[in-house]
Amino acid sequence: MNILKSLFNNTSTNNKTQYWLFVALLVALSIFVMLCNGITSKYYAGYDFFFHLHRLEMVIQALREGTYPFYFDYEHVEGYGYFVNGFYPDFILVPFAIVGLFTDAFFAYDFMIFTMTVLCGLIMYHTVRVVYNNRYAAAISSILYTFSMYRLYDVYHRSALAEALSFTFLPLVFLGLYYIIHGDYKKWYVLALSYILLIYTHAISSVLTFITFLVFIAVYYKSFKNEPKRIYYLLLAAGVTFIAVCYYWLPILEQVSHAGYYFNKRLPGGGAGYGKVGFDYVLWGLLSGVAYYKTKLWTGVGIVLVSVIFLRFFIKGQKSDKLRLTDLGVIIGICYIIASARIIPWGSFPLNIISFIQYPWRLYEFSTYFLAIAGGYYLSLLLVKKKQRMLWLVLIVFITMGTIYIHSLNFKEMYPKRDKWDRVRNEFPSLCNNYNIIGGEYLPAKIPYLEHISHTGIIINAKDPSTSIKSLKRYENKTRVKVVVNKPDTIALPLFYYYGYQATLNGKPVEVSESDIGLVAVPVNESGEIEAWYATTAIRKLSFYVSISVIILLIIFAIYSQRKQNRKVDEYYPE
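Residues numbered from 1 in each chain as written. Predicted model: local features only at pLDDT ≥ 70, side-chain atom pairs only at ≥ 80, totals over all residues. Heavy atoms only, no water.

Asks: Teacher, can you tell me more about the overall build of the protein chain here?
Replies: Helix and strand counts for the protein chain come out as 21 helices and nine strands. Against the globule reference of 25 Å for 575 residues, the protein chain gives a C-alpha radius of gyration of 26 Å, in line with a compact fold. Overall size of the protein chain, expressed as C-alpha extent along the three principal axes, is 95 × 55 × 50 Å. Once local pairs closer than 6 in sequence are excluded, the contacts in the protein chain between residues at least 24 apart make up 75%. A total of about 26700 Å² of accessible surface is found on the protein chain, and carbon and sulfur atoms cover 63% of it. Across the protein chain, the 53 positively charged side chains and the 36 negatively charged ones have centroids separated by 12 Å. (Helix = DSSP H or I, 4+ residues; strand = E, 2+ residues; numbered from the N terminus. Rg over C-alpha atoms; globule rule 2.2 N^0.38 Å. Contact = heavy atoms within 4.5 Å. Areas by Shrake-Rupley, 256 points an atom, 1.4 Å probe, with all protein chains shown as cover. Lys, Arg positive; Asp, Glu negative; His and termini not counted. Charge placed at Lys NZ, Arg CZ, Asp CG, Glu CD.)

Asks: I keep staring at helix 9 (residues 188-201) and nothing clicks. Help me out?
Replies: Given 3.6 residues per turn, any residue in an α-helix points the same way as the ones three and four places further on. The end-to-end C-alpha distance of helix 9, which contains 14 residues, comes to 20 Å, matching closely the 20 Å that a straight helix rising 1.5 Å per residue would cover. Of all 14 residues in helix 9, twelve are buried; the element is thus mostly enclosed. For helix 9, the complete set of buried residues consists of Trp 188, Tyr 189, Val 190, Leu 191, Ala 192, Ser 194, Tyr 195, Ile 196, Leu 198, Ile 199, Tyr 200 and Thr 201. (Expected span 1.5 Å × (residues − 1). Buried < 20%, exposed > 50% of the residue type's maximum accessible area, 1.4 Å probe, protein only.)

Asks: Would you take a moment to explain the pairing of strand 2 (residues 468-475) for this structure?
Replies: As a general feature of sheets, a regular strand has side chains that alternate between the two faces. Where strand 2 lies against strand 3 (residues 478-484), seven bridges are found, and the strand directions are antiparallel. From the neighbouring strand, Arg 474 faces strand 3, where its bridge partner is Thr 479. Connecting the antiparallel pair strand 2 and strand 3 is a turn made up of two residues, with Glu 476 showing a positive phi of about 55°. (Pairing = 2+ DSSP bridges.)

Asks: Help me out: how do you make sense of a nonpolar patch on the surface in this one?
Replies: On the surface, Phe 279, Ile 334, Ile 338 and Ile 343 cluster together into a nonpolar patch covering about 350 Å² of accessible area. As for its position among the elements, Ile 338 is in helix 17 (residues 321-339). Under the relative-accessibility criterion, Ile 338 is labelled partly exposed at 37%. (Patch = residues over 30% accessible without salt bridge, like charges linked within 9 Å, V, L, I, M, F, W, Y side chains within 5 Å. Salt bridge = Lys/Arg side-chain N within 4 Å of Asp/Glu carboxyl O.)

Asks: Any chance you could explain the sheet that holds strand 9 (residues 528-534) here in plain terms?
Replies: In a beta sheet, neighbouring strands are held together by backbone hydrogen bonds and run either parallel or antiparallel to one another. Strand order in the open sheet formed by five strands is 2-3-9-5-6, with antiparallel pairing between adjacent strands. Here the strands that pair on one side only, and so sit at the sheet edges, are strand 2 and strand 6 (508-510). In this sheet, adjacent strand axes meet at a mean angle of 25° when their direction is disregarded. In this structure, strand 3 lies alongside strand 9, joined through six bridges in antiparallel fashion. (Axes fitted to C-alpha atoms, helices over the stretch in contact; angles between N-to-C directions.)

Asks: I tried to follow the pattern of salt bridges on my own but got confused; where do I start?
Replies: Summed over the entire model, instances satisfying the criterion amount to ten salt bridges. Between Asp 154 and Arg 158 there is a salt bridge, with its nearest N and O atoms 2.9 Å apart. Considered together, Asp 154 and Arg 158 belong to a single accessibility category, that of buried residues. Among the ionic contacts, a cluster of salt bridges with common partners joins Asp 154, Arg 158, Glu 163 and Arg 362.

Asks: Looking at this structure, I do not really get the sheet that holds strand 4 (residues 489-496). What am I missing?
Replies: Taken in spatial order, the four strands of this open sheet run 1-4-8-7, and their pairing is antiparallel. Pairing within the sheet leaves two strands with one partner each, and these edge strands are strand 1 (461-462) and strand 7 (513-514).

Asks: Is there a simple way to explain the environment of Gly 347 in this structure?
Replies: By the element assignment, Gly 347 lies in the loop between helix 17 and helix 18 (364-382). The exposure class assigned to Gly 347 is exposed, which follows from its relative accessible area of 57%. Along the sequence, Gly 347 and Lys 276 sit 71 residues apart, while their C-alpha atoms lie 9.7 Å from each other.

Asks: Please explain the packing of aromatic side chains as it appears in this structure.
Replies: Per the counting criterion, the structure on display carries 66 aromatic pairs. Residues Phe 174 and Phe 213 carry aromatic rings whose centres are separated by 5.6 Å and whose planes lie at 70° to one another, so their mutual orientation is edge-to-face. One end of the pair, Phe 174, is in helix 8 (residues 161-181); the other, Phe 213, is in helix 10 (residues 203-219), with 39 residues separating them in the sequence. For the pair Phe 174 and Phe 213, one class covers both residues: buried. Between Tyr 501 and Tyr 534 the ring centres are 5.5 Å apart and the planes differ by 85°, which places this aromatic pair in the edge-to-face class. In this pair, Tyr 501 is assigned in strand 5 (residues 501-505) and Tyr 534 in strand 9, connecting sequence segments 33 residues apart. (Phe/Tyr/Trp six-rings, centres within 6.5 Å; stacked < 30°, edge-to-face > 60°.)

Asks: Even after reading the chapter, I still don't get the nonpolar core, so can you show me in this structure?
Replies: The tendency in soluble globular proteins is for nonpolar side chains to be buried as a group. Formed by 140 residues in total, the largest nonpolar core has its most connected members in Met 112, Phe 174, Trp 188 and Phe 216. Here this core takes 14 residues from helix 5 (residues 105-132), the largest share from any one element. Ignoring any residue separated from it by four or fewer positions in sequence, one finds Phe 174 in contact with Thr 209, Thr 212, Phe 213, Phe 216, Phe 366, Tyr 369 and Phe 370. Ranked by size, the runner-up nonpolar core spans 43 residues in total, among them Phe 87, Tyr 88, Ile 460 and Val 481. (Core = buried A, V, L, I, M, F, W, Y, C linked by side-chain atoms within 4.5 Å.)

Below is the structure:
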């Protein structure tokens, strides 16, 4: 008993020991999550899983062939090609694709989920510790956030990889904003680097983060009024971020200026007005972790995070800037939960401006973040004694494990263990699984419907009936067609049109355009061989090198600034 008491006393007073025990707990819970959800994604896979698995496979292949970052998925959709990486950033996938070079895509994917889960907890812990100067609040908030129901829903049920990974960087983004508004604004690079990571992970989350930023900036406008320099550093962070992510937005602008696509012409899944839910769904979402809408794929922030709101009523007679900050977060979190309901006019101006977010309940990510912080901070104010804090930490860990397990049962019920003969849920693209491109957001808008490709097969269309096609061959990224014409004609090749295609006729360059049904069209003035391939664009290449250069310089500046600050601290507090 004395040994246990001594160990408890040493642990409760040694910050370094506390931290490493927290890290061990975080790793253990991350393993527990994976064990509950089937250990490996080979057996249990959520809604978008194979779309993102294929993205990872393409990065692995591009690294192996030496074509990264200017690769093109030329084999996808019956060989018509699908340029998802031209619209969907893949920077975050690269470290895990390197792991996949030595293992396989499934292992790399699972390793990515585990690694990003641990990082999510560590970054959340660091953020809360810095803002609140409270290790206990940091530990509780980290556990509540990392293993929250909506995050697990993103990781497993939806397999919405990009949004799930954005959870990892979101706390760091808000830490950067904290430095700008209240803290050391010369650490503006934290905001810039974290926002760059967020944009390259999930663009929609970055837009919703920006909207949330506007709320905080409006509430704390006096901070900028009293110290105008903070405005300068905010704009500096924004400017550097804008340039550093030009590899994302410039190629997209280039593509949409030359052609229309499903995502900006047809909005697969509908706009945000279509994605609203009834109050019955909202209420079921509040119960996630203990009860679920049995016949529907649905969750919310969960019962644990909802419960922490009521802790506020037990905090009496305390007023501080940190408490007001936490309360503001709770108010925003509650408003965001309500925003997912049908009563909010998402289909009307001005909300329809951001209808591209598709689902208003994406805001649950932010509700989760604010309520998790509230849970940690409120408990730290209510619990003063060390033994009380330890007991409540243990209790929260066990409650979290319980909700993780119940959540995993719902996941396995909605997505039972698959076998290799499952025609729909497998890694091999076909019409049965919509070629694993979900809604086909990045298909040319002129394509009538995806089934059109399957129904027509690999057909080369010519406007002149007398034109004859002698052969069609594909060599990796090149498509070769031998054609005989009696008069000038236009040939539509079996390739989806994306700006950046090049073609030759008998070795001579010819103009490439988009056909009436969204395919690569080539003018043919003489008989011979057409060769077509995707060669990328000068803007895409230039923007990549600009982005990489700015990011590297920003990292160097951040390291230099941090070391400079550390030297000043050492000089001020000599040994």
